[in-house]
Amino acid sequence: MSLSTVRPATAASPELLARKAMFIRLETVRLSRIAGAGHYSAVFSAAELLAALYYSELRVDPENPRDPQRDRFVLSKGHAAIGLYPVLADLGFFDPALLDDYTRLGSAFGDHPDMKKIPGIDFSSGSLGHGLSIGFGMAMAGRMSGADYRTWVVLGDGELAEGQIWEAAMSAGHYRLGRLRAVVDVNQLGIDGFTKDVMTVEPIAQRFESFGWATQRIDGHDLPSILAAFAGLPDADDGRPQCIIADTVKGRGVRRMELSPDWHVGNLVGADYDDVVAELSAGLSGGGDLR
């Protein structure tokens, strides 16, 4: 039986996934201190999405990270890799102690991931906007080889200003790549400010639908909604590609960072570091505008 025909034995509970999302945020803060700076807020908006994907949905094998039947995962918003590395270590893809030298000379772990150096990474990112094209290629390769793996791509809303995204969307719809799944982290901010001011990307659903995609919109911090959206996706190769539009808050979980243009990249030191760790450890509270 191929790996890709086997789903997790038991689906992770929302409570477990909430703890994993907290772990992702806390590790992002820790690793940023090692590096001297980090992309906190872009990880915080996607923490629940990453937790749900890796602990409940993706069909991958840490003991065989290059299994040809594995699900593919493309982190198109690659600067959020600082939050992905701890997940891969936690699952057993590599020794967690390797992260203690994050970004240091000789470390395999940089601001963006290198698929040639890090087990479990399927895409080496850099400039944003390329991930959906890569995902299209992976999904098409799966069809041509007769494999039944799914290809997941996590995009940032700011990336949607790139024309290459829409070329890939158009192609995926034309070829009816039903096992291609895009998750758009609509955290409302890019490095230059609010997306609505820099380059309007709405209406996201209608734009993907015009290229032949099926879409749904969810609260990207609500784990039951995320799990339900994943569980409801069809698994046919020949069908509409699927787009989940996840409304999130950039910086979610730390009040000073939520929807703040000042925290795309930052560095927490001293009492500020301790305060943020305490706030994250207390768990998510209400608040944050999900529109």
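The structure we're discussing is the one just above.
Thresholds, definitions, all that
Residues numbered from 1 in each chain as written. Predicted model: local features only at pLDDT ≥ 70, side-chain atom pairs only at ≥ 80, totals over all residues. Heavy atoms only, no water. Buried < 20%, exposed > 50% of the residue type's maximum accessible area, 1.4 Å probe, protein only. Helix = DSSP H or I, 4+ residues; strand = E, 2+ residues; numbered from the N terminus. Arc of directions from axis to C-beta. Contact = heavy atoms within 4.5 Å. 1 Å grid on protein atoms, 1.4 Å probe; cavity = no way out; pocket = protein on both sides within 12 Å on 5 of 7 lines; lining within 4 Å. Points joined across faces, edges and corners; volume = space filled by probe spheres on them. Nonpolar A, V, L, I, M, F, W, Y, C, P; charged D, E, K, R; others polar. Core = buried A, V, L, I, M, F, W, Y, C linked by side-chain atoms within 4.5 Å. Salt bridge = Lys/Arg side-chain N within 4 Å of Asp/Glu carboxyl O. Pairing = 2+ DSSP bridges. Axes fitted to C-alpha atoms, helices over the stretch in contact; angles between N-to-C directions. Parallel < 35°, antiparallel > 145°, perpendicular 65-115°, else oblique.

**Student:** Explain helix α9 (residues 223–231) here, please?
**Tutor:** Note that an α-helix has 3.6 residues per turn; residues three or four places apart therefore point the same way. Three or more residues of α9 are buried, namely L223, I226, L227, A229 and F230. The buried residues of α9 occupy an angular sector of 160° when the element is viewed end-on, so they sit on one face. Among the exposed residues of α9, those oriented more than 90 degrees off its buried face are A228 and A231. Structurally, α9 contributes buried residues whose contacts are with α1 (14–35), α3 (47–57), β2 (151–156), β3 (180–186), β6 (214–219) and β7 (242–247).

**Student:** Before we go on, may I ask you to explain the layout of surface pockets in this structure?
**Tutor:** Empty pockets left among the atoms are what a rolling probe the size of a water molecule brings to light. Taken as a whole, the largest pocket encloses approximately 470 Å³ of empty space. What lines the largest pocket is a set of 26 residues, among which L128, G158, E159, G190 and I191 lie closest to the centre. Taken together, the elements giving at least two residues each to the lining of the largest pocket come down to β4 (189–190), β5 (193–194) and α7 (195–198). Of the residues that constitute the lining of the largest pocket, the class distribution is nine nonpolar, 10 polar and seven charged.

**Student:** For this particular structure, what's the right way to read the nonpolar core?
**Tutor:** Proteins that are soluble and globular tend to have nonpolar side chains buried together. Within the largest apolar cluster, 55 residues are counted, with the highest numbers of intra-cluster contacts made by Y54 and F73. With eight residues, the top contributor of residues to this core is α3. V74, L132, I165 and V201 belong to the second-largest nonpolar core, a separate cluster that totals 27 residues.

**Student:** What's the story with helix α4 (residues 81–91) in this structure? I'm lost.
**Tutor:** For α4, the tally of buried residues reaches nine of 11 residues, placing the bulk of the element in the interior. For α4, the set of buried residues is A81, I82, G83, L84, Y85, P86, V87, L88 and A89. On its buried face, α4 sits against α1, α2 (40–44), α3 and β1 (72–75).

**Student:** Looking at this model, I keep getting lost on the pattern of salt bridges. Mind explaining?
**Tutor:** The tally for this structure, following the rule as stated, stands at 20 salt bridges. Across the pair R59 and D71 runs a salt bridge, and its minimum N-O distance is 3.6 Å. Of the two residues, R59 sits in the loop between α3 and β1 while D71 sits in the loop between α3 and β1, which places them 12 residues apart along the sequence. Accessibility assignment for this pair places R59 and D71 in one class, buried. A salt bridge links D122 to R70; the shortest N-O distance between them is 2.9 Å. Taken together, the residues D122 in the loop between α4 and α5 (131–145) and R70 in the loop between α3 and β1 connect sequence positions 52 residues apart.

**Student:** What am I meant to see in the pairing of β2 here?
**Tutor:** Walk down a regular strand and you will see the side chains alternate between the two sheet faces. In terms of residue burial, β2 counts as a mostly covered element, since six of its six residues are buried. Along β2, one buried face is formed by T151, V153 and L155 and the opposite face, lined by W152, V154 and G156, is buried too. As judged from the four bridges shared by β1 and β2, these two strands associate in the parallel manner. Opposite L75, over in β2, you have V154 as the bridge partner.

**Student:** How should the packing of α1 against α9 be read in this particular structure?
**Tutor:** The relative placement of two packed helices comes down to the angle between their axes together with the axis-to-axis distance. Packing of α1 against α9 leaves a shortest axis separation of 9 Å and a crossing angle of 110°. Taken together, the axis directions place α1 and α9 in an arrangement best described as roughly perpendicular. On α9, the residues touching P14, L17 and A18 of α1 are L223, P224 and L227. Of the residues belonging to the contact of α1 with α9, the class tally is six nonpolar, no polar and no charged.

**Student:** Which parts of the structure should I look at to understand the side chain of K77?
**Tutor:** Topologically, K77 is positioned in the loop between β1 and α4. With a relative accessible area of 2%, K77 lands in the buried category. Once residues within four sequence positions are removed from consideration, K77 is found in contact with A42, S45, A46, L128, V154, L155, G156, E159, D185 and N187.

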